[in-house]
Amino acid sequence: MSALPQRIFTYVRNTFAMAPSLHPSIDNGIKKGDANFAGGKLFCHCPSNKVEVTLGSNVLHNHACGCSKCWKPKSALFSVVGVIPTDKLSVTANQQKLHIIDKSAAIQRNACKECGVHLFGRIEVDHPFKGLDFVHTELSDKSGWQEPQFAAFVSSIIEQGFDPSQIDTVRSKFKSVGLETYDVLSPPLMDAIATYTAQKNKPSSKL
Ligand SMILES: N[C@@H](CCC(=O)N[C@@H](CSCO)C(=O)NCC(=O)O)C(=O)O
Ligand SMILES: [Zn+2]
Ligand SMILES: [Zn+2]
């Protein structure tokens, strides 16, 4: 389905259905990851010549994200996205199929030109999270990845057309599976951003 019909379908389904899909890995409860998990490969959704990305460790700060920019699977209201140090990520097949979907965004999302899946998002500009890449572990064929820790940018789904009168259903569903909801990132991540900004604003700062 192309982009506009897909968005209309998702809007109608999620607004009028009894239980909108937050994300397939969240709807039926969350499966805990493996503390000793050492990483694995991510693959795009092309039937052949898949883009392959190899991750050399587990992810951190994995979270549901309702923002308009993160990649979401079909019919889901939320993305699930985590971070990994840039030096733990390498593109190991079909790199030529990748393109950056929005060069003006802080997170440069590298997506497959054919299937549209986002393989990784990298920050090249001065930013508190520079050095971390954003990835979607559902693109892996392995289990053991860190489970989602919280839900971020929940109110952002309203900006994309979700009925605001139904937002409490979404927040309650997250709570029922043990995830706190926020309209930006979680407090520890917001504190890290603020700490970085405070350092940068100091007259003697070299950041
Ligand atoms: N309401 C906006 C919010 C977009 C936004 O700020 N997204 C965050 C989180 S993405 C992963 O957690 C962000 O850091 N964006 C930077 C970027 O995307 O380059 C919306 O919905 O678009
Ligand atoms: Zn693809
Ligand atoms: Zn996002």
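So, how was this worked out
- Residues numbered from 1 in each chain as written.
- Chains lettered and ligands numbered in written order.
- Predicted model: local features only at pLDDT ≥ 70, side-chain atom pairs only at ≥ 80, totals over all residues.
- Heavy atoms only, no water.
- Near = heavy atom within 4 Å.
- Polar contact = N/O pair within 3.5 Å; in protein donor to acceptor, adjacent residues only side chain to side chain.
- Areas by Shrake-Rupley, 256 points an atom, 1.4 Å probe, with all protein chains shown as cover.
- 1 Å grid on protein atoms, 1.4 Å probe; cavity = no way out; pocket = protein on both sides within 12 Å on 5 of 7 lines; lining within 4 Å.
- Sits in = over half its atoms within 2 Å of the grid points.
- Helix = DSSP H or I, 4+ residues; strand = E, 2+ residues; numbered from the N terminus.
- Donors = N, O, S within 2.8 Å, 3.2 Å for Na, K, Ca; no water.
- Tetrahedral: all angles 85-135°; square planar, octahedral: opposite > 155°, others 65-115°.
- Pairing = 2+ DSSP bridges.
- Axes fitted to C-alpha atoms, helices over the stretch in contact; angles between N-to-C directions.
- Buried < 20%, exposed > 50% of the residue type's maximum accessible area, 1.4 Å probe, protein only.

Caption draft 1: Structural view of the site of ligand 1. In the vicinity of ligand 1 lie 15 residues, with His63, Ser68, Ile107, Arg109 and Glu159 positioned nearest. Take isoleucine 107: an N or O atom from its main chain is 2.8 Å from an oxygen atom of ligand 1. Out of a free accessible area of 540 Å², ligand 1 has 80% covered by protein chains. Here ligand 1 occupies the second largest pocket. When residues of the shell around ligand 1 are traced back to their parent elements, those giving at least two are strand E3 (60-65), strand E7 (107-112) and helix H3 (156-159).

Caption draft 2: Molecular detail of the coordination of the zinc ion (ligand 3). Summarising the metal site, the zinc ion (ligand 3) is bound by the protein donors Cys65 (SG), Cys67 (SG) and Cys70 (SG), whose distances to it range over 2.2 to 2.3 Å. For the zinc ion (ligand 3), the 4 donor atoms are set out with angles of 94 to 127 degrees between them, so the coordination reads as tetrahedral.

Caption draft 3: Focus on the sheet that holds strand E1 (residues 40-43). Reading across from one edge, E1-E2-E5 is the order of the 3 strands in this open sheet, with antiparallel pairing throughout. At either margin of the open sheet sits one strand with a lone partner, and together these are E1 and strand E5 (89-93). When the angles between neighbouring strand axes are averaged without regard to direction, this sheet yields 30 degrees. Of the pairings in the sheet, the one linking E1 to strand E2 (residues 52-55) comprises 4 bridges and is antiparallel in character. Note on E2: the bridge partner recorded for leucine 42 is valine 53.

Caption draft 4: Summary view of the environment of lysine 32. By the secondary structure assignment, lysine 32 is in the loop between helix H2 (24-27) and E1. What makes lysine 32 exposed here is its relative accessible area of 65%. A sequence separation of 97 residues divides lysine 32 from phenylalanine 129, and the C-alpha atoms of the two residues are 25 Å apart. At 3.2 Å, the side chain of lysine 32 forms a polar contact with the side chain of glutamate 147.

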